[in-house]
Every structure is written in structure tokens, then in C-alpha cells.
Amino acid sequence: MKGTTSFSACRKVMDLQGHKAAVYSVDFSTDGKMAATVSRDGFLMLWNINVRYREQESCKLVLSIKPEGPARLDRIRLSPDGKIAAISEGSSVWFYSTADGHLVEKIENSTPTKSPSSGGYGRILKMEFLGGKENALVTLCEVDKFIRVWRTPAV
């Protein structure tokens, strides 16, 4: 029906419960089997969402890590192959292995441009992975006039 707010055909299929504070970002693997979340509580959580939700089977928490660098986890993206989780905080990016949660690499202050208002480096507004043979992460920062592309580290 036009103009209605009723969603009778839409049904909730799952909850991802485990964070102790507000969730800032979520991303899903390209095969739809995994989800990754970051929260104000400072944790990165990886979830197996390949469940029988029609039988009300719950998602399973696979990995919960407190990253060793970022104070606030702003955004998360999963690489197309699902092996890397990229987390941003401010203008920095951390790459973590989704297999065991170890830090693979970090890019600090990915933008050389400082914000005129704060004097600090610009905050990453968006991150996306490019698919294909070579994984690459694209970042867009608030004070830059261009986009940066980073080669994803090997795991």
C-alpha cells in the first residue's frame, strides 16, 4: 500500500547480541555467511550468520577482540575474501585477520591534510573494498579533495 508504514511481509530474521555499548558499524561478507561489528565498547566482533534462522537458530559469535590501537572504532569493512577486517578510527586504518584476530598492518594518519576546524587529521567518512585479484581498500576522508586506495596486506 502506498504511504503505509506497515511491513507485514518483512520479518526480523536474527539479532547480533554481545556488545556492551552502541554499535557504530556492521559489514557482511560477500558470501553472506559472516558479519563483523564494531562498537563503542571498543570490541570488534565476528559472527557466523550462516544459520537456520527459520528454525530460530541463533547467530554464533566466532571472535571477539579488543584491538590494540584504536581508541574508538568508527567503521569496519570485510575484504571480499573475508580474510581481513579493516577498522578505521579518525584518519587511521587497522587491518586484522578474521581467522585469529591478530593485527596484520596499520596505516596511521592516512590523510596528510589537517582539518581547519580541529587542527587534527581528517576523519575517514567511508571505506570500501574493491574486489578482484588484488584486494584494495578505498578511503574517503572529510577534509581531502581526493580519494586514497590502499593495497590490502596479505594474511
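Below: a short report on this structure. (Residues numbered from 1 in each chain as written. Predicted model: local features only at pLDDT ≥ 70, side-chain atom pairs only at ≥ 80, totals over all residues. Heavy atoms only, no water.)

### Examining the sheet that holds strand β5 (residues 75–78)
Sheet strands pair by backbone hydrogen bonding; their relative direction is either parallel or antiparallel. The cut-off we apply is this: Note: two strands are recorded as paired if DSSP finds a minimum of 2 bridges between them. For helices the rule is a DSSP run of H or I covering at least 4 residues; for strands it is a run of E covering at least 2, with both sets numbered from the N terminus onward. As a rule, the C-alpha atoms of each element are fitted with a line to give its axis, helices using only the stretch in contact, and angles between N-to-C directions run from 0 to 180 degrees.
In space, the 4 strands of this open sheet follow the order β5-β6-β7-β8, with antiparallel pairing throughout. Two strands close off the open sheet at either side, each with one partner strand: β5 and β8 (103–107). Each strand of the sheet is rotated relative to its neighbour by a mean of 20 degrees, with strand direction disregarded. Summarising the sheet, strand β6 (residues 84–89) and strand β7 (residues 92–97) pair through 6 bridges and their orientation is antiparallel. Residue pairing across strands places A86 opposite F95, the latter belonging to β7.

### Brief notes about the sheet that holds strand β4 (residues 60–65)
Spatially, the 4 strands line up as an open sheet ordered β1-β2-β3-β4, and their pairing is antiparallel. Edge positions in the sheet fall to β1 (23–28) and β4, since each has one partner strand and no second. Averaged over all adjacent pairs, the angle separating strand axes in this sheet is 20 degrees, with direction ignored. As defined by bridge partners, β1 adjoins strand β2 (residues 34–39) across 5 bridges and the pair is classed as antiparallel. Bridged to V26 within β2 is T37.

### Here we look at the nonpolar core
We count it as follows: Here the nonpolar core consists of buried residues drawn from Ala, Val, Leu, Ile, Met, Phe, Trp, Tyr and Cys, with membership extended through side-chain atoms lying within 4.5 Å. Relative accessibility under 20% of the residue-type maximum defines a buried residue, over 50% an exposed one, and the middle range a partly exposed one, all with a 1.4 Å probe and only protein chains included. The criterion used for residue contact is that any of the two residues' heavy atoms lie within 4.5 Å.
Counting 14 residues, the largest nonpolar core has L44, L46, I76 and I87 as its most contacted members. Elements that contribute at least two residues to this core include exactly β2, β3 (44–48), β4, β5, β6 and β7. Per element, the largest residue contribution to this core is 3 residues, and it comes from β2. Setting aside anything within four residues of it in sequence, one finds I87 in contact with V38, L44, P67, L73, R75, I76, S92, V93, W94, Y96 and M127. In terms of nonpolar packing, the next biggest core, distinct from the first, is built from 9 residues, F95, I107, M127 and F129 among them.

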